[in-house]
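Each chain, letter by letter, is given below.
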Amino acid sequence: MNPASPSSEPHVMPVFGRLPVALSHGQGCWVWDVEGRRYLDALAGIAVNTLGHNHPKLVPALQDQAAKLIHSSNYYYVPLQEQLAALLCEASGLSNVFFCNSGLEANEAALKIARKFGHDKGIDEPAVIVFEGAFHGRSIATLSATANRKIQAGFGPLVPGFVRVALNDLAAVQAALDANPSVSAIFLETIQGEGGINPARIEFLQGLRRLCDERNLLLMLDEVQCGLGRTGKWFAHQWAGIQPDVMPLAKGLGSGVPIGAVVCGPRAAGVLTAGSHGSTFGGNPLAMRAGVETLTVMTADGLLGNAAARGAQLRTALEAGLAGVAGVVEIRGQGLMLGIELDRPCGVLLSRALGAGLLLSVTADRVVRLLPPLIISADEIDEVVRRLQPLIKDFLAEPRA
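Residues numbered from 1 in each chain as written. Predicted model: local features only at pLDDT ≥ 70, side-chain atom pairs only at ≥ 80, totals over all residues. Heavy atoms only, no water.

Novice: Could you give me a rundown of the packing of aromatic side chains, with the residues and numbers involved?
Specialist: For the structure on display, the rule yields 2 aromatic pairs. Above the face of the Trp30 ring, Arg38 is positioned so that its terminal group lies 3.7 Å from the ring centre. Directly above the aromatic system of Trp239 lies the positively charged group of Lys233, at a separation of 4.7 Å from the ring centroid. (Phe/Tyr/Trp six-rings, centres within 6.5 Å; stacked < 30°, edge-to-face > 60°. Lys NZ or Arg CZ within 6 Å of the ring centre and 35° of its normal.)

Novice: A description of the nonpolar core should follow, citing residues and the corresponding values.
Specialist: Generally speaking, a soluble globular protein has its nonpolar side chains buried in company with each other. Leu84, Leu88, Leu318, Ile340, Leu349 and Leu388 are the most contacted members of the largest nonpolar core, which has 63 residues in total. Beyond its immediate chain neighbours, meaning those up to four positions away, Leu388 contacts Leu318, Ile340, Leu358, Leu360, Val368 and Leu370. Core analysis: the next-biggest nonpolar cluster, separate from the first, contains 23 residues, Leu188, Leu217, Ala240 and Ile242 among them. (Core = buried A, V, L, I, M, F, W, Y, C linked by side-chain atoms within 4.5 Å. Buried < 20%, exposed > 50% of the residue type's maximum accessible area, 1.4 Å probe, protein only. Contact = heavy atoms within 4.5 Å.)

Novice: Explain the pattern of salt bridges to me, using residue names and the numbers behind them.
Specialist: Evaluation of the coordinates by the stated rule reveals 20 salt bridges. Across the pair Glu9 and Arg18 runs a salt bridge whose closest N-O atoms are separated by 2.8 Å. Here Arg369 makes a salt bridge to Glu194, at a shortest N to O gap of 2.7 Å. In this pair, Arg369 is assigned in strand S17 (residues 367–370) and Glu194 in the loop between strand S8 (191–192) and strand S9 (198–199), connecting sequence segments 175 residues apart. A cluster of three or more residues bridged by salt bridges with shared partners is formed by Arg209, Asp213, Asp245 and Arg267. (Salt bridge = Lys/Arg side-chain N within 4 Å of Asp/Glu carboxyl O. Helix = DSSP H or I, 4+ residues; strand = E, 2+ residues; numbered from the N terminus.)

Novice: Please set out the sheet that holds strand S1 (residues 23–27) residue by residue, giving values where relevant.
Specialist: Strand order in the open sheet formed by 4 strands is S1-S2-S3-S15, with mixed pairing between adjacent strands. Edge positions in the open sheet fall to S1 and strand S15 (358–359), since each of these has one partner strand only. By the bridge criterion, 3 bridges tie strand S2 (residues 30–33) to strand S3 (residues 38–41) in an arrangement that is antiparallel. Of the residues in S3, the one forming a bridge with Trp30 is Leu40. This element, helix H12 (residues 378–397), spans S2, S3 and S15 of the sheet and lies at about 110 degrees to S3. (Pairing = 2+ DSSP bridges. Axes fitted to C-alpha atoms, helices over the stretch in contact; angles between N-to-C directions.)

In structure tokens:
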């Protein structure tokens, strides 16, 4: 029987708000619960399951690697690290990579790079510019860089050294830099995920790149959720024709196997040296094999093009089907990272979508978030729309609570 309340898992710390379902297995873009009901997965484990479920190339590769070597130690060379790092550098045009286990750890490493870069420039207390709506993680440092007061509550004092400004306001960034000569880096998500699918505009990203070059600062772009092909390019910032100095990655890089990475360009590539940072599990052979296989399949199967085409199909269908519906504020995002903002909190749609056999997310209280696997087909996109649109229309037709 599917669990329905916290009493069904009394030994698990109750930090998650569970939906009353337990998933059993999956195939492609579909998953089944323990009672045999099937769901169309439009969430991909929050942008993690790049290749969907039970992929015919990924699964045998992981089985092969598990039978050989799961973990060694970074005392020794791990050849798969260099193989995956080379693929990431080729895709990004950047220089080198540090491997860790999650997006939070990747963002922590980026913040350490920013501080060390500042100290190397002679700044006693380096600061980092961050943005309203940001979400970078739940450790003390990344929580301090995050703009969500709700998840910060109860965990003070927060880490100092962050200067917060509005997203897409280049004048505000310039003013903050003029007022804070100790700033060593600018840190933002190219598309804010947890904050409500809020893209940084192309001209804003280009302006930040210019400011960082003029003032010898690090431009650090968090692509943990929006990177790895989700927008139709390898990385979302590539739509703006720029390169960051530091780029944290995670989520979709291992298609479900925990992995994080920090990819650095020439300005930041030499900041961390032997003994200044590390990870016990980071870069282990199993995670590296998952990353190599994920990128290899993405290239061979043209998944960047599929993300662009299926994302355009999804957005077009939603815009047509929801046109003129009172309460729909905006549909935004890029590729297979889309948000539908409503004019009221819509958390109830999580359970209603589940009832309709659809997995999705609600973020920032009012934004329906869609992050399907990059392998999703045209027919499956049509099915997402067929199941989702009536839910939104019926919800918005109800009297406000």
